[in-house]
Amino acid sequence: MLNINQLTITLKDKLILDKLSLEIHPGEIHVIMGPNGSGKSTLAQVLAGNPIYNVSNGFVLFKGENLLNQKPELRSLNGLFLAFQSPVEISGLNNMYFLKSMLNAHRKFKNLSELDSIEFLTLIDLKIEQLKIEKSSLGRNFNNGFSGGEKKMNEMLQILLLEPDLIILDEIDSGLDIDALKLVMFNISSLLKKQKSFIIITHYTKVLEYIQPNFVHILSHGKIVKSGTREIAFQIEQVGYENIH
Amino acid sequence: MSNFLPYEENYKYGFSTDIESDTMLPGINESTIRIMSKKRREPSWLLNWRLKAYNHWCSLKQEPRWSEVKYAPINYDKISIFATPKKKIDSLDEVDPEIIKTYQKLGIPLHEQKKLANVAVDAIFDSVSVATTFKNHLLSLGILFCSFSEAIEKYPDIVQKYLGSVVPINDNFFSSLNSAVFSDGSFCYIPENVKCPMELSTYFRLNNQLIGQFERTLIIANAGSFVSYLEGCSAPRRDNNQLHAAVVELVALGNAEIKYATVQNWYPGNKQGVGGIFNFVTKRGICKEKSAKISWIQIENGSAITWKYPSVILKGEDTIGEFYSIAITNGHQQADTGSKMIHIGSNSYSTIISKSILAGHSKNTYRGLVKIQAQATQSRNYSQCDSLLLSATSESNTIPHLCTYNDSSILEHEASTSKVNEDQIFYCQQRGLSVEESINLIVSGFCKSIFQKLPMEFAVEAQKLLSLSLENAIG
Amino acid sequence: MKTYIKSHKTLNLLLDSQSSPLVVVEMEKESHLFLTKINFAKKKEKNRIEVLLNGENSTCEIKVIDLVGEDHLLETEIFVFHNEPNCKSNQIHKGLYKDSAHGIVKSMIFIDQKAGKSNAMQLSQNILLSSFAKVSAKPILKIKSMDVECKHGVSIGFIEQHLFYYLKTRGMSDQEAKYLIIHGFISDILLTYFPSYEKALNLWINR
């Protein structure tokens, strides 16, 4: 699914990711942990194609194709999804209208007919039910005045609508209360059954209580310093990042 | 009929047939005005009024130079003031393919396309009868809605009473010019306590009453009445005339409300900035009596040059004036637009919300004046002007002027200028939308508060137009 | 009389009614300006502050208090020119007008085409203390660059009666209440920069 090879990233001459390599197969969950500034979010942003970062070395294959020369929208259309750590707000833009535009862009790409408002409503009703999202939030402006948790649930809603193949969750747990987190993790489990792959970026071990990752990677100063099972995550909880070698 | 000049039965040239000799007499002078007025069988007061305006215009010598727009001098000697009928085209094949493309994108049906492109309408769609049906329905309610020429002929007393009462003939260079030579336009009169049941629009009579270069509109809403008026149609319109100098006057009496919406989408010139219409318009309304309300709503995305400041004089107590505007400029367009709110009556309220979007090499200036006079106690104004920059080569100016002469009123003004947010674009791209689609979503969100003020079906078209004019906006 | 300063580091300028009516500060690379002014207007005057951000990464913070009374006319102009990239400016103007005073406030933010990453703020708050006083404000934004974050705000108002009422229910006289409210309006600038002017303010209000 995803093959990251010797990826080196700089931002304004500062080295952020240093020869990072990682391979992810369909149906796998990779958890990436690390202290602030270790480069976790950068990895997510670079995979999604944020133009502010410079790729100075290495390559990334996504479904066997060169990812890094694809525009952000093409990466999305090809099935890569990033749930942002802090999703943007767009004032005046109706949430439902945004979601519909997004889904139809993907349907058009797959040569499927675009959904009209009524078809879309039927579909979205189902999805918000799954996430127990208030229907009224669809009528609000996109993320405008949403709480941190509501924004994260809105990201989750987009995942359920698109069912992408590789899902990167950048601190999905922050801002969510325990019930919402359980709900998110439950939905992730059902997506796993469809052979979707996950990169879960997190600070805390909390999410690991609900899912069984294939790998946990510890990122520090732009490098993966340790990889293993979820046991190492619990180890960190005890000794802190500084003492992991 | 005493108001009318004696009509010379044997006058050699019937107005409608005398195209050739009309075009042979360009130039704006006393004699052309006299001939035109005579041909139009206008009453003597109107001729005198025109001449007075003409004399004032002559004394002004040149156009106002205070605005931010720049253009080559206009040669007034070359302008023919006779309403020259626009050339009819026989089939759509002769229409500029660019226009047809735009129509198709807008989803305008073929027979409408023909009508809008000024192709002689065939029998499928009889616009004249449609217009007449509406007219009769309105007439049964006592609403007078017709062309300005028809109004001069049929309702001379009303026209005489209100013409120039809001925009006097000596108001400014272009309004004086318009007053001297205006050809036609719309007239609308709503009797007391009548709520006009439909949106009135020039659209209905686009084909049978061609509007000239010097358009004149007069809307009178009597006490307790309501009218919503839509100006122009939202289809792009190419025109050989360079200069358009229109005047719109609105009169709202006690408790009356006038809503005036414009979607202006005239030819902006080509990509190099050549050609296009110069649009110098004076629009003003007066809330003459207690509790009257006037709202201006405008979506500006046409013209090479726009120069207009729809204004409200809040004369009565408890009156309300509103101005909602979206001005979008691309290519080499220049817009200098805004509003004036003059508070005279006490407890009067005004709101100005202006959104500018700049792309290409365009220049967009918000210019406004809010004046709360000493007797306008306990009045309020709120103004908000936001500019969104899509291009590094555009120029944005915000020039508000706020003054108050009493200590019981509140004036608030806020403005911001910023470029389109790159994080928002990246986010939308991550969801599979192209940069253009992303910007469209962001811009329509930026403009939403204004779109909401438009009548429903109009808002949809306006939004489509917006995305059309944003095409290739990102360099 | 004109004051012209060319600055290349951090500069603190405190001005008052005695200062020159025209102050021009030209800012070089990485310099910072803190300009604060309190002005009790005389008869008829025109004051102008002009800041030219002519070097990258420079910043300026301008705070001006105008107090205009009697039949005086005060014209205040505050112009900031962003001529180079990465500069930041912030203007705050507060005006108080009593008797039959007349205030004219003109302010401008200019951003040159090459002045990318500019951040500029402009705020003018005006309070009329008499029904014969008048104010006219003309805040201008002239922006030729795209990469900007620019905002301005103007308000013209009066002391709301409910504020007065509240203070009076706490046992204050009209004068005391007025003083307290006006003091509150400008105290952030007054107390930090011009503590010695408190007495003058009291005098001005009661005159």
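Numbers given for residues are sequential positions, taken from 1 along each chain in its written order. Written order decides the labels, with chains lettered from A and ligands numbered from 1. Per-residue local features are limited, in this predicted model, to residues with pLDDT of at least 70; the limit for side-chain atom pairs, both in listing and counting, is 80 or more; totals at the level of whole chains, interfaces and linings are taken over all residues. The basis for the side-chain values is all heavy atoms of the structure; hydrogens and waters are excluded.

Here we look at the nonpolar core
With 111 residues, the main nonpolar core has Phe98(A) and Ile357(B) as its most contacted residues. Any two residues whose heavy atoms approach within 4.5 Å are treated as being in contact. Leave out the neighbours within four places in its chain, and Phe98(A) touches Leu93(A), Phe142(A), Gln158(A), Tyr427(B), Cys428(B), Arg431(B), Leu433(B) and Leu441(B). The set of buried Ala, Val, Leu, Ile, Met, Phe, Trp, Tyr and Cys residues whose side-chain atoms join them within 4.5 Å is what this entry labels a nonpolar core. Exposed residues in this analysis have more than 50% of their type's maximum accessible area, buried residues have under 20%, and partly exposed residues fall in between, with area computed by a 1.4 Å probe over protein chains only. Counting 58 residues, the second largest nonpolar core, distinct from the first, contains Val194(B), Trp296(B), Cys385(B) and Leu141(C).

Let's talk about the pairing of strand E9 (residues 278–287) of chain B
All names here are of chain B. Comment: elements are numbered from the N terminus, with helices defined as DSSP H or I runs of at least four residues and strands as E runs of at least two. Across the ten residues that make up E9, a large majority, ten, are buried. Of the two faces of E9, the one carrying Phe-278, Phe-280, Thr-282, Arg-284 and Ile-286 and the one carrying Asn-279, Val-281, Lys-283, Gly-285 and Cys-287 are both buried. Following DSSP output, two strands are said to pair if at least two bridges run between them. Here strand E6 (residues 243–244) pairs with E9 via two bridges, running parallel. Among the inter-strand pairings, His-244 is bridged to a residue of E9, identified as Asn-279. The sheet contact formed by strand E7 (residues 247–252) and E9 spans six bridges and is parallel. Residue pairing across strands places Val-251 opposite Ile-286, the latter belonging to E9. When E9 meets strand E12 (residues 311–314), the two strands line up parallel, connected through four bridges. What sits directly across from Gly-285, in E12, is Val-312.

Regarding the interface of chain B and chain A
Many structure descriptions define interface size as the accessible area lost when the parts assemble. Across the contact, 18 residues belong to chain B and 33 residues belong to chain A. Of the roughly 1,900 Å² buried at the junction of chain B and chain A (both faces included), carbon and sulfur atoms supply 63%. When two parts are put together, the accessible area they lose, computed with a 1.4 Å probe and summed over both, is reported as buried area. By the criterion of area lost to chain A, the three top residues of chain B are Phe426(B), Tyr427(B) and Arg431(B), representing 37% of everything that side buries. Salt bridges are counted wherever a side-chain nitrogen of Lys or Arg sits within 4 Å of a carboxyl oxygen of Asp or Glu. The tally of links from chain B across to chain A stands at two salt bridges. Linking Glu155(A) and Arg431(B) is a salt bridge whose minimum nitrogen-to-oxygen distance equals 2.7 Å. Counted as a polar contact is a pair of N or O atoms within 3.5 Å, where, for protein atoms, one must be capable of donating a hydrogen and the other of accepting one, and residues adjacent in sequence contribute only when both atoms are in side chains. Counting across the chain B and chain A interface gives 13 residue pairs in polar contact (both at pLDDT 80 or more). Looking at the side of chain B that touches chain A, the elements that each hand over two or more residues are helix H10 (422–430) and helix H11 (435–451) of chain B.

Some remarks on the domain arrangement of chain C
Residue and element names in this part refer to chain C. Domain start and end points were adopted from an automatic or database domain assignment. Assigned domains of chain C: these are domain 1 (2–158) and domain 2 (159–207). Taking only C-alpha atoms, the centre of domain 1 and the centre of domain 2 are 24 Å apart. Contact residues are listed per partner, giving 22 residues for domain 1 and 18 residues for domain 2. Across the domain 1 to domain 2 interface the summed buried area is about 1,900 Å²; carbon plus sulfur atoms make up 75%. Considering only the side of domain 1, the residues that lose the most area to domain 2 are Phe-40, Lys-94 and Lys-98, jointly responsible for 26% of the buried surface there. Linking domain 1 with domain 2 are one salt bridge, by the criterion used here. Among the salt bridges present, the one from Lys-94 reaches Asp-188, with a minimum N-O distance of 3.6 Å. Taken together, the connections running from domain 1 to domain 2 amount to five residue pairs in polar contact (both at pLDDT 80 or more).

Quick look at helix H3 (residues 95–109) of chain A
Residue and element names in this part refer to chain A. In this scheme, a helix's expected span is set at 1.5 Å multiplied by one less than its residue total. For H3, with 15 residues, the first-to-last C-alpha span of 22 Å sits near the 21 Å given by 1.5 Å per residue. Buried within H3 are the following residues: Asn-95, Phe-98, Leu-99, Lys-100, Ser-101, Met-102, Leu-103, Asn-104, Ala-105 and His-106. Positive phi appears at Asn-111, one or two residues downstream of H3, with a value of about 60°.

Points about the interface of chain B and chain C
Contact with chain B, which involves 32 residues of that partner, is made by 32 residues of chain C. The contact between chain B and chain C buries some 2,600 Å² in all, and 53% of this surface belongs to carbon and sulfur atoms. In terms of surface lost to chain C, no three residues of chain B exceed Asp407(B), Thr417(B) and Lys419(B), which account for 20% of the buried area on that side. Where chain B packs against chain C, one counts three salt bridges. The partner of Lys142(C) in a salt bridge is Glu68(B), and the shortest N-O contact between them spans 3.0 Å. All residues other than Ala, Val, Leu, Ile, Met, Phe, Trp, Tyr, Cys, Pro, Asp, Glu, Lys and Arg, Gly among them, are scored as polar; the first ten of these are nonpolar and the last four charged. Taken together, the residues that form the side of chain B that touches chain C break down as eleven nonpolar, 15 polar and six charged. The pairing of strand E19 (residues 410–419) of chain B with strand E12 (residues 148–158) of chain C spans eight bridges and is classified as antiparallel.

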